[in-house]
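Here's the letter readout for the chains.
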Amino acid sequence: MTTIKASCPSCGDVELTPHQVRLVVCSVKSWSYYAFMCTTCHEEVRKPAGRDVVALLISGGVVAEPWNVPAEVLEEHEGPTLNYDDVLDFALWLEQADLLAAAAAAQGPRPRAQAPETAA
């Protein structure tokens, strides 16, 4: 059985099996990471995983989990970030929109106006 040595910021070096290590390989290479539960303090430790670390962990038997980041995450956005008040305002607006839609549906469809007949 392969033994993987890692370090916990609180406890120092720990020895793990491949099944105790989670390796997430992201489509954005700098977002890849590995994580494990420290066998001493039982806290989750998460560290970045560069190309060399990914290769080393895979060669040690750790199964890599792919993580494909949606393109929308990488888009640049302008303007202020949304805050709680913005979300609340939107929820209140949706409530009014639902009431308006319900009132319109209750009236039923309008009859189509007919064009006036012309004299021949």
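This text follows the structure it describes.
The model shown is predicted, which means the values in this text are computed figures rather than measured ones. The residue count restarts for each chain, going from 1 along the sequence in the order it is written. Restriction of local features to residues with pLDDT of at least 70 applies here, the model being predicted, together with a cutoff of 80 or more for giving and counting side-chain atom pairs; totals for whole chains, interfaces and linings are based on all residues. Values reported for side chains reflect all heavy atoms of the structure, with hydrogen atoms and water molecules removed beforehand.

### Overview of the layout of surface pockets
- One number sums up the size of the largest pocket: a volume of about 160 Å³.
- Every residue along the wall of the largest pocket is listed here: Ile 4, Lys 5, Ala 6, Tyr 34, Val 53, Leu 56, Leu 57 and Gly 60.
- Residue classes follow a fixed rule: Ala, Val, Leu, Ile, Met, Phe, Trp, Tyr, Cys and Pro count as nonpolar, while Asp, Glu, Lys and Arg count as charged, and any other residue, Gly among them, counts as polar. Of the residues contributing to the lining of the largest pocket, the split by class is six nonpolar, one polar and one charged. Cavities and pockets were defined on a 1 Å grid built from protein atoms only: a cavity is a group of points that admits a 1.4 Å probe but offers it no way out, a pocket is an open group of points flanked by protein on both sides within 12 Å along at least five of seven lines, and a lining residue is one with an atom within 4 Å of any such point. Grid points are joined across faces, edges and corners, and a volume is the space filled by probe spheres set on the points.

### Let's talk about the state of the cysteines
- Throughout, a disulfide means two cysteine sulfur atoms within 2.5 Å of one another. Scanning all chains against the criterion turns up zero disulfides.
- As a non-bridged cysteine, Cys 11 has Cys 41 as the owner of its nearest cysteine sulfur, 3.7 Å distant.
- Three exposure classes are used, based on accessible area relative to the maximum for each residue type with a 1.4 Å probe and protein chains only: buried under 20%, partly exposed in between, and exposed over 50%. Judged by relative accessible area, Cys 11 falls into the partly exposed class, the value being 33%.

### Let's talk about helix α2 (residues 84–107)
- Every helix listed is a DSSP run of H or I at least four residues long, and every strand listed is a run of E at least two residues long, numbered separately from the N terminus. What a helix should span is 1.5 Å times the count of its residues minus one. Helix length check: α2 (24 residues) gives 35 Å between terminal C-alpha atoms against 34 Å at 1.5 Å per residue, within 8%.
- By the criterion of burial, α2 is predominantly exposed, with just zero of the 24 residues buried.
- Identification of polar contacts relies on pairs of N or O atoms within 3.5 Å, with a donor-acceptor requirement for protein atoms, meaning one able to donate a hydrogen and the other able to accept it, and with residues adjacent in sequence counted only if both atoms are side-chain atoms. Sitting at the amino-terminal end of α2 is Asn 83, which places a side-chain oxygen 3.0 Å from the backbone nitrogen of Asp 85.

### Let's talk about the packing of aromatic side chains
- In this analysis, rings of Phe, Tyr and Trp, with Trp reduced to its six-membered ring, are considered paired at centre separations within 6.5 Å, and the interplanar angle assigns stacked below 30 degrees, edge-to-face beyond 60, and tilted for intermediate values. Considering all chains together, one arrives at three aromatic pairs under this definition.
- Their ring planes at 15 degrees and their centres at 6.4 Å tell us that Tyr 34 and Phe 36 sit as a pair that is stacked.

### Quick notes on the pairing of strand β5 (residues 44–48)
- When DSSP locates at least two bridges between a pair of strands, those strands are taken to pair. In this structure, strand β4 (residues 33–37) lies alongside β5, joined through five bridges in antiparallel fashion. Its bridge partner being in β5, Met 37 is matched across the sheet by Glu 44.
- Taking the residues between adjacent antiparallel strands as the criterion, β4 and β5 are bridged by six residues, where His 42 takes a positive phi near 60 degrees.

### Regarding a nonpolar patch on the surface
- The patches reported here contain residues having more than 30% relative accessible area and no salt bridge. Joining distances are 9 Å for like charges and 5 Å for nonpolar side chains (Val, Leu, Ile, Met, Phe, Trp, Tyr). Computed with a 1.4 Å probe, the accessible areas rest on the Shrake-Rupley method; for each residue, only the protein chains presented here act as cover. The salt bridge definition used is simple: a Lys or Arg side-chain nitrogen within 4 Å of an Asp or Glu carboxyl oxygen. On the surface, Trp 31, Trp 67, Val 73 and Leu 74 cluster together to form a nonpolar patch covering roughly 380 Å² of accessible area.
- With respect to the helices and strands, Trp 31 occurs in the loop between β3 (21–26) and β4.
- For Trp 31, a relative accessible area of 35% translates into the label partly exposed.

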